[in-house]
Amino acid sequence: MKGIRIQLTVVTMLVLSMVLTGCVRRENDQYTKKAPKEKPLAIVIHGGAGTILKENMTPEREKAYTDILTEVLQAGYEILEQGGSSLDAVEGAIRIMEDSPLFNAGKGAVFTNQGKNELDASIMDGATLQAGAVTSVTIIKNPITAARLVMTDSKHVLLAGRGAELFAGEHGLETVDPDYFFTQRRWDSLLKAKERDRSSNAASREEKFGTVGVVALDKDGNLAAGTSTGGLTNKLYGRVGDSPIIGAGSYANNKTCAVSGTGQGEYFMRNLVAYDVSVWMEHEGMSAQQAADKVIQEKLTELGGTGGVIVLDKDGNVAMSFNTEGMYRGFIVGDGVPHVSIYGEAPPSG
């Protein structure tokens with residue numbers, strides 16, 4: 001009997017160890033947040049990826065980013081808790097980031113070569129595969145709301161430039177003077193970029209991709225994804241990146257996952273990065289983390305592209321993958337507790 005009790009104790013300890021270690025799994029310095037058996041409410045956000053190093057960050061600036069990321073997560077999760085849809089949570093969370101000068105979206109957008117702010121955004125409903133996007137807009141305060149309006153109130157997916165602005169105005173969206181988007185920090189970045197162009201063709205190690213994105217899972221089990229950006233500093237006139245392109249910067253499908261990306265848009269468009277994550281999951285049976293790593297750590301990296309993705313699967317499992325030094329990111333799954341990270345380390349488990 002004593003031998004049997006010892007064997008049972010060993011088995012019990014092994015089972016307990018498996019349960020505890022199964023909550024968070026590290027892969028390529030990333031992590032997977034495993035959902036409970038019942039689908040939880042969940043929201044995942046990013047605020048851009050790039051050369052984000054702790055030694056280059058002041059304590060004050062680090063706190064500012066941590067605070068705003070936490071605020072965004074809590075606001076988006078509250079929408080879900082109150083019965084709002086995943087689309088509501090995605091739009092609401094992104095609007096907060098668009099209103100913050102800390103991110104390259106809305107108020108904090110970078111400048112084009114001509115000294116303008118041209119904004120892009122997209123949103124997608126995983127339940128219906130409906131999607132909407134705007135690109136190259138200059139007076140719409142919250143492009144993500146315009147993108148959703150294109151999805152719900154037009155027969156189109158993507159509206160550009162003046163046409164998108166007229167559409168937004170006709171539907172009562174808030175517009176602003178282009179000067180609203182001016183920030184000294186982004187203007188200085190443009191001047192530095194132009195100086196680099198005059199002196200060298202070498203890429204700057206200071207470049208960051210401050211695109212913002214949100215994916216969410218609501219009480220009805222519906223997924224949604226959204227992305228918003230000001231593009232690349234010093235971009236040429238008329239340049240459009242991946243953020244407003246469905247399948248490149250954003251994708252959502254209730255069969256698999258919701259994805260938002262951030263990085264070098266040209267590479268994301270060539271690889272259809274967001275859609276590709278879903279494809280590996282649907283057709284190869286990969287987990288969200290496996291698919292994210294396949295697309296970012298292998299395919300994107302091999303082609304010389306940089307950036308990252310946030311992924312939320314249909315069961316509420318969270319995955320993130322990026323091949324840069326850092327990515328502003330965070331999640332809440334089920335318990336209402338926000339987890340936020342900036343640098344290359346995995347966040348605390350929850």
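Just above, that's the structure.
Residues numbered from 1 in each chain as written. Predicted model: local features only at pLDDT ≥ 70, side-chain atom pairs only at ≥ 80, totals over all residues. Heavy atoms only, no water.

**Quick notes on the overall build of the protein chain**
Logical step 1: Within the protein chain, the regular secondary structure consists of nine helices and 15 strands.
Logical step 2: Taking as baseline every contact in the protein chain between residues at least 6 positions apart, the subset at least 24 positions apart corresponds to 70%.
Logical step 3: As displayed, the protein chain has an accessible area near 15,300 Å², and 53% of this comes from carbon and sulfur atoms. (Helix = DSSP H or I, 4+ residues; strand = E, 2+ residues; numbered from the N terminus. Contact = heavy atoms within 4.5 Å. Areas by Shrake-Rupley, 256 points an atom, 1.4 Å probe, with all protein chains shown as cover.)

**Points about the pairing of strand S3 (residues 42-50)**
Logical step 1: Counting buried positions along S3 yields nine of nine residues, so the element is predominantly enclosed.
Logical step 2: By the bridge criterion, five bridges tie S3 to strand S8 (residues 212-217) in an arrangement that is antiparallel. Bridge pairing in S8 links histidine 46 to glycine 213.
Logical step 3: Bridge count for S3 against strand S14 (residues 326-333) is seven bridges, and the pairing is antiparallel. Following the sheet pairing, alanine 42 is matched in S14 by valine 333. (Buried < 20%, exposed > 50% of the residue type's maximum accessible area, 1.4 Å probe, protein only. Pairing = 2+ DSSP bridges.)

**Here we look at helix H4 (residues 143-153)**
An α-helix turns once per 3.6 residues; consequently, residues spaced three or four apart project the same way.
Logical step 1: For H4, the buried fraction is high: nine of the eleven residues fall into the buried class.
Logical step 2: The elements touched by buried residues of H4 are helix H3 (86-98), strand S4 (119-125), strand S5 (131-137), strand S6 (158-160), helix H5 (161-170) and strand S9 (223-229).

**A short note on H3**
Logical step 1: Along its 13 residues, H3 runs 18 Å from first to last C-alpha, staying within 8% of the 18 Å computed at 1.5 Å per residue.
Logical step 2: Buried residues along H3 sit in contact with S3, helix H2 (59-81), S4, H4, S8 and S9. (Expected span 1.5 Å × (residues − 1).)

**Overview of the side chain of threonine 135**
Logical step 1: Mapped onto the fold, threonine 135 is located in strand S5.
Logical step 2: Assessed through its relative accessible area of 4%, threonine 135 is described here as buried.
Logical step 3: One polar contact links threonine 135 to serine 136, side chain to side chain, over a distance of 3.5 Å.
Logical step 4: Sequence-distant contacts of threonine 135, defined by excluding residues within four places in its chain, comprise Leu119, Asp120, Leu158, Leu159, Ala160, Gly161, Val240 and Pro244. (Polar contact = N/O pair within 3.5 Å; in protein donor to acceptor, adjacent residues only side chain to side chain.)

**Considerations on the nonpolar core**
Logical step 1: In this structure, Ile43, Ile45, Phe103 and Val214 are the most contacted members of the largest nonpolar core, which totals 50 residues.
Logical step 2: For this core, the leading source of residues is H2, giving seven residues.
Logical step 3: One finds Tyr251, Ile310, Leu312 and Val318 within the second-largest nonpolar core, a separate group that totals 37 residues. (Core = buried A, V, L, I, M, F, W, Y, C linked by side-chain atoms within 4.5 Å.)

**Section: the environment of asparagine 142**
Logical step 1: Mapped onto the elements of the fold, asparagine 142 is located in the loop between S5 and H4.
Logical step 2: When the C-alpha atoms of asparagine 142 and leucine 119 are compared, they prove to be 9.2 Å apart, with 23 residues separating the residues in sequence.
Logical step 3: If we ignore the near neighbours within four places in the chain, the residues touching asparagine 142 are Arg95, Glu98 and Asp99.
Logical step 4: Reaching out from asparagine 142, the side chain makes a polar contact with the side chain of glutamate 98 at a distance of 3.0 Å.

**Some remarks on unusual backbone geometry**
Logical step 1: Even without being glycine, asparagine 234 reaches a positive phi, approximately 70°.
Logical step 2: Mapping asparagine 234 onto the fold places it in the loop between S9 and strand S10 (250-252).
Logical step 3: A positive phi is found at leucine 272, a non-glycine position, where the angle reads about 45°.
Logical step 4: On the secondary structure map, leucine 272 appears in the loop between helix H7 (265-271) and helix H8 (273-284).

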